[in-house]
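These are the residues of each chain, in order.
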Amino acid sequence: MTKTATFIPVAGGKGGVGKSLFTANLALALAELHHDTVVVDLDLGGSNLHSFLGLSNQFPGIGDFLKARTAELENFLVPTEMPTLKFLPGDGRTPFMANIPTAQKLRLLSHLNRIPADYILLDLGSGSSFNTLDFFGISKTGFVVTTFEHPSLMNVLSFLKNFLYRTIERIVGRENHQVRITLQEIYKQPMTGPPVTAQYIQDQIAALNPELGEQVKKICSYYRPRFIFNRGEHPDTLRILQPLDKSLREIVSLQADYFGFIFEDPAVRESVRRGVPLVTAYRDSVASQSVLRVADRVARIWGRPIENSAELLTTDTIRFHKSVADRQQGSITSFRR
Ligand SMILES: Nc1ncnc2c1ncn2[C@@H]1O[C@H](COP(=O)(O)OP(=O)(O)OP(=O)(O)O)[C@@H](O)[C@H]1O
Ligand SMILES: [Mg+2]
């Protein structure tokens with residue numbers, strides 16, 4: 001019997017926040033824990049995942065799969081030095097690859113679903129294109145990566161809001177003409193109108209079609225994204241969790257889990273410069289250890305609901321920070337710029 005893989009998409013509204021770095025190293029770490037892992041470069045307009053894995057850019061990938069109509073996606077998997085890790089390259093050469101049409105996306109999704117593995121990690125591009133939103137929706141608990149900077153946090157909120165709108169539109173479908181018109185009107189509302197939250201949209205749909213409203217509500221509570229905070233300098237920065245959670249509930253009408261904290265670390269830039277993977281070449285660095293902690297958490301609890309993730313992440317980050325400080329015997333100022 002073939003394995004049913006756990007899909008873990010990795011998104012985040014903003015570019016350059018560390019999605020590819022995190023995805024590549026999480027994949028390496030899960031593979032090290034003896035899980036059959038496939039890591040996929042789905043940033044089709046700007047594929048660069050190979051460099052975070054320490055691989056060259058010479059292999060055919062998703063672009064070539066899509067061009068060859070009868071190809072099998074599995075044949076494009078690239079073996080790595082670890083028997084438990086395979087890499088599926090994206091496409092950095094073909095123009096407009098980021099905008100693959102729906103039929104191609106569906107073919108790709110159906111082939112992805114047939115790949116036997118324990119985990120299939122998807123490195124997504126930045127922004128909120130329909131394809132990125134749809135690949136994110138492959139799992140109810142995808143990762144969103146953000147730094148602590150305001151624009152990055154705002155972009156994640158906006159990404160999740162777009163994701164919910166996209167999901168709502170799918171449920172509404174083409175035949176619910178009146179609801180579609182209402183949605184179009186809501187999108188056009190001026191800034192001075194009522195705040196357009198996912199809750200507001202749900203209410204408007206429910207007023208026109210209670211059954212559909214109920215369906216929309218159910219599906220919106222189904223998704224529960226998991227946050228990775230990257231480039232953190234001190235556990236204190238996690239003070240933003242409370243206001244962030246409030247904004248998520250009020251603006252996006254979504255609940256989230258706060259899953260990982262990765263420290264800012266010069267070893268990251270060094271590993272990128274040398275084209276070697278962080279978790280293998282800079283094993284003891286704080287960033288590497290942060291990713292390994294997330295991998296351990298994924299392997300232990302991924303499929304289970306998490307009750308109080310804000311508290312758990314804060315406690316764990318403080319403990320980790322202290323253990324690094326103890327190890328470095330006072331040289332803790334290296335966490336700060
Ligand atoms: N924890 C960290 N400490 C120090 N530097 C980091 C850290 N994480 C990421 N960086 C820096 O940020 C750069 C961008 O990371 P990465 O390419 O993974 O971002 P991305 O979100 O995938 O970007 P894009 O949206 O363009 O695909 C890295 O090359 C590295 O220099
Ligand atoms: Mg990237």
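Residues numbered from 1 in each chain as written. Chains lettered and ligands numbered in written order. Predicted model: local features only at pLDDT ≥ 70, side-chain atom pairs only at ≥ 80, totals over all residues.

**Q** Explain the overall build of the protein chain to me, using residue names and the numbers behind them.
**A** Summing up its helical and strand segments, the protein chain has 14 helices and 8 strands in all. Whereas a compact globule of 337 residues would reach a radius of gyration of roughly 20 Å, the protein chain reaches 20 Å, a difference of no more than 12%. C-alpha extents for the protein chain along the principal axes are approximately 65 × 50 × 40 Å. The long-range share in the protein chain, meaning contacts at least 24 apart out of those at least 6 apart in sequence, stands at 78%. (Helix = DSSP H or I, 4+ residues; strand = E, 2+ residues; numbered from the N terminus. Rg over C-alpha atoms; globule rule 2.2 N^0.38 Å. Contact = placed C-beta atoms within 7 Å.)

**Q** Account for the environment of leucine 244, naming residues and giving values.
**A** With respect to the helices, strands and loops of the structure, leucine 244 is situated in helix α10 (residues 241-252). Overall, leucine 244 belongs to the buried group, with 21 C-beta atoms counted inside 10 Å. Counting along the chain gives 204 residues from leucine 244 to valine 40, while the straight-line C-alpha distance between them is 30 Å. (Buried ≥ 20, exposed ≤ 12 C-beta atoms within 10 Å, placed from the backbone.)

**Q** Quick one: what's the story with the environment of alanine 198, residue by residue and with numbers?
**A** Mapped onto the secondary structure, alanine 198 falls in helix α8 (residues 198-208). Judged by the 22 C-beta atoms lying within 10 Å of it, alanine 198 is buried. Along the chain, alanine 198 and leucine 244 lie 46 residues apart, while their C-alpha atoms are 16 Å from each other. If sequence neighbours within four positions are ignored, alanine 198 has contacts with Lys161, Leu164, Cys220, Val252, Ser253 and Leu254.

**Q** Just give me the short version of the site of ligand 1, but keep the residues and values in it.
**A** Around ligand 1 sit 19 residues in total, of which Gly15, Gly18, Lys19, Ser20 and Leu21 are the nearest. Elements with a minimum of two residues in the shell around ligand 1: α1 (19-32), β7 (226-232) and α11 (266-274). For the shell around ligand 1, a count of residues per class yields 6 nonpolar, 7 polar and 6 charged. (Near = placed C-beta within 6 Å. Nonpolar A, V, L, I, M, F, W, Y, C, P; charged D, E, K, R; others polar.)

**Q** Report on α8, specifying residues and quantitative values.
**A** When α8 is considered as a whole, its buried residues turn out to be Ala198, Ile201, Gln202 and Ile205. Taken around the axis of α8, the buried residues stretch over an arc of 100°, which confines them to a single face. In this structure, the buried side of α8 is in contact with α6 (150-172), α7 (177-187), α9 (210-222) and α10. (Arc of directions from axis to C-beta.)

**Q** Before we move on, could you go through the pairing of strand β4 (residues 85-88) and cite the residues and values that matter?
**A** Burial along β4 is two-sided: the residues Leu85 and Phe87 and Lys86 and Leu88 are all buried. Of the strand pairs in this sheet, strand β2 (residues 37-42) and β4 are connected by 4 bridges, and their pairing is parallel. Residue pairing across strands places valine 38 opposite lysine 86, the latter belonging to β4. The pairing of strand β3 (residues 78-79) with β4 spans 2 bridges and is antiparallel. Residue pairing across strands places valine 78 opposite phenylalanine 87, the latter belonging to β4. Connecting β3 to the antiparallel partner β4 that follows it, the hairpin turn spans 5 residues. (Pairing = 2+ DSSP bridges.)

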